[in-house]
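Each chain is listed here by its residues.
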Amino acid sequence: MQNLAPIALFVYNRPDHARRTIAFLKKNFLAEESRLFIFSDAARPGDEEKVNEVRELIASVEGFKSVEVVKRPHNYGLANSVIDGVTRLSTQYGKVIVLEDDVITSPHTLQYFNEGLRKYEHVDQVMHITAYMYNLKENTLPETFFLRIASSQAWATWDRAWKFFEPDIDLLMSKFDKESKHAFEVEGAMNFWKHMKQFKAGKNNSWAIRWYASVFLNGGLSLNPRVSLIDNIGHDGTGVHSAVGEIYRSPIYPKRITSYPEQIEEHPEAFAILKNFLKHRKGSLLKRSIRYFNHVITKLKAR
């Protein structure tokens, strides 16, 4: 496969997570033909030791066509680091694959991304490709399909789509009405609008919610696999936006994806199944209480 997309890997202060992420990425069939760019954010006060440990690790990474380490001179924060890195690589190469330091991949993940990027390169409505899928139980869906949600756990896009990224939360929010808010939230199944309001209030610094809103407002679609091609190992309370729990954990599909949709529209059955999953994802009050207790204990242990 020629003209492979560059891989942007964003790391910070989790050496064990980064080590696993890189080890699994190296096992991908296209790893040796791919350019890897590792963006290492500078330390906030108190994080210097862990950041230095990560930087020692990434200094000796091999197994790719090339490896370039970008050491941030000061702390960008995850959102600014991702925005800067994706903009740089998508502008230079026309496309980019994006991973953070808590994602383990299938050996076929890079194949999936590159095949999707090639197939839909000139299809403007397709703006995003994700390798993640929720652990859907009633899963008789096709191998891949389109949805409106731009999931950000491991993803890819083109320069033509990333140009629509709007970082201004006020401008984004001004473009929504009651009907579009409902659709944006998967017809009330997911609290995405709450995330928008939290960003505006300074309670989170998510680039991902702004990217999803940008894709949604431009009528964009995301390519999704039926079964996840990645697993997020950051749901142990160590990540910037991660929490403790198994709600979003999903088995990794062990095979190569071979089927891609020809019809460019959201898959109605997939949307209905996803909506039902998200609506009931938190389970009973007892299960929610146990998850909250585990989250608090993990945070206390990390101090």
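Our subject is the structure listed above.
These figures come from a predicted structure and were not determined experimentally.

A. Representation of the sheet that holds strand 4 (residues 95-100) within the structure. Ordered by their spatial adjacency, eight strands build an open sheet running 3-2-1-4-8-6-9-7, and the pairing between neighbours is mixed. Each of the sheet's edge strands pairs with one partner strand only, and the pair in question is strand 3 (66-71) and strand 7 (144-147). Here the average twist between neighbouring strands, direction ignored, is 25 degrees. Two strands pair when backbone bridges link them, and strand 1 (residues 7-11) and strand 2 (residues 35-40) are joined in this way by five bridges, in the parallel orientation. Counted as the bridge partner of I7 is L36 from strand 2. Of the strands in this sheet, strand 1, strand 4, strand 6 (126-130), strand 7, strand 8 (154-158) and strand 9 (221-225) are in contact with helix 4 (residues 109-119), which crosses strand 8 at around 25 degrees.

B. A look at empty space enclosed by the protein. A complete count under the given rule lists one cavity of 30 Å³ or more for this structure. The calculated volume of the largest cavity comes to roughly 60 Å³. What lines the largest cavity is simply Y132, M133, Y134, L147, I149, S151, N224 and L274. In the lining of the largest cavity, the residues fall into six nonpolar, two polar and no charged.

C. Quick look at helix 1 (residues 15-26). A rise of 1.5 Å per residue sets the reference length of helix 1, with its 12 residues, at 16 Å; its end C-alpha atoms lie 16 Å apart and thus fit the reference within 8%. Along helix 1, the positions that sit buried rather than exposed are P15, H17, A18, T21, I22 and L25. The arc that holds the buried residues of helix 1, viewed along the axis, is 160 degrees, so those residues lie on one side. The elements touched by buried residues of helix 1 are strand 1, strand 2, helix 2 (48-58), strand 4, strand 5 (103-105) and helix 4.

D. Spotlight on the pattern of salt bridges. Across all of its chains, the model carries 13 salt bridges by this definition. Put simply, D101 and R14 hold a salt bridge, and the shortest N to O gap is 2.7 Å. Highlighted residues: D101 in the loop between strand 4 and strand 5 and R14 in the loop between strand 1 and helix 1, separated in sequence by 87 residues. In this structure, D101 and R14 share a single accessibility class: buried. A salt bridge links K50 to E53; the shortest N-O distance between them is 4.0 Å. Pair noted here: K50 and E53 are both in helix 2, with a separation of three residues, about one helical turn. What makes E53 partly exposed here is its relative accessible area of 31%. In the salt-bridge network here, residues are joined through shared partners; they are R14, D101 and D102.

E. Spatial organisation of the nonpolar core. Membership of the largest hydrophobic core comes to 91 residues, with the highest contact counts inside it found for Y112, F184, M196, W211 and L278. Tallying contributions element by element places helix 9 (residues 207-217) first for this core, with eight residues. Setting aside residues no more than four positions away along its own chain, W211 makes contact with M127, H128, A150, W155, T157, A161, W162 and F165.

F. The arrangement of the environment of N75 in detail. One can find N75 in the loop between strand 3 and helix 3 (78-93). In this structure, N75 is in contact with Y12, D41, A42, A43 and R44, ignoring residues within four places of it in sequence. Side-chain polar atoms of N75 contact the backbone nitrogen of G77, separated by 3.4 Å.

G. View of the side chain of T130. Locating T130 in the fold gives a position in strand 6. Within the structure, the side chain of T130 is placed 3.1 Å from the backbone nitrogen of Y132, a separation counted as a polar contact. Aside from chain neighbours lying at most four places away, what touches T130 is Y112, F113, S151, A154, W155, S222, L223, N224 and P225.

H. Spatial organisation of the packing of aromatic side chains. With the rule as written, the count across this model stands at 21 aromatic pairs. A centroid spacing of 6.3 Å and a plane angle of 15 degrees characterise the contact between Y112 and Y260, whose relative ring orientation is stacked. Here Y112, found in helix 4, pairs with Y260, found in the loop between strand 10 (230-232) and helix 10 (268-279); they are 148 residues apart in sequence, far enough to count as distant. Take Y260: its relative accessible area is 13%, and that puts it in the buried class. Measuring from ring centre to ring centre gives 5.3 Å for Y134 and F277, while their planes differ by 40 degrees; the resulting arrangement is tilted.

Scoring rules and cut-offs
Residues numbered from 1 in each chain as written. Predicted model: local features only at pLDDT ≥ 70, side-chain atom pairs only at ≥ 80, totals over all residues. Heavy atoms only, no water. Pairing = 2+ DSSP bridges. Helix = DSSP H or I, 4+ residues; strand = E, 2+ residues; numbered from the N terminus. Axes fitted to C-alpha atoms, helices over the stretch in contact; angles between N-to-C directions. Contact = heavy atoms within 4.5 Å. 1 Å grid on protein atoms, 1.4 Å probe; cavity = no way out; pocket = protein on both sides within 12 Å on 5 of 7 lines; lining within 4 Å. Points joined across faces, edges and corners; volume = space filled by probe spheres on them. Nonpolar A, V, L, I, M, F, W, Y, C, P; charged D, E, K, R; others polar. Expected span 1.5 Å × (residues − 1). Buried < 20%, exposed > 50% of the residue type's maximum accessible area, 1.4 Å probe, protein only. Arc of directions from axis to C-beta. Salt bridge = Lys/Arg side-chain N within 4 Å of Asp/Glu carboxyl O. Core = buried A, V, L, I, M, F, W, Y, C linked by side-chain atoms within 4.5 Å. Polar contact = N/O pair within 3.5 Å; in protein donor to acceptor, adjacent residues only side chain to side chain. Phe/Tyr/Trp six-rings, centres within 6.5 Å; stacked < 30°, edge-to-face > 60°.

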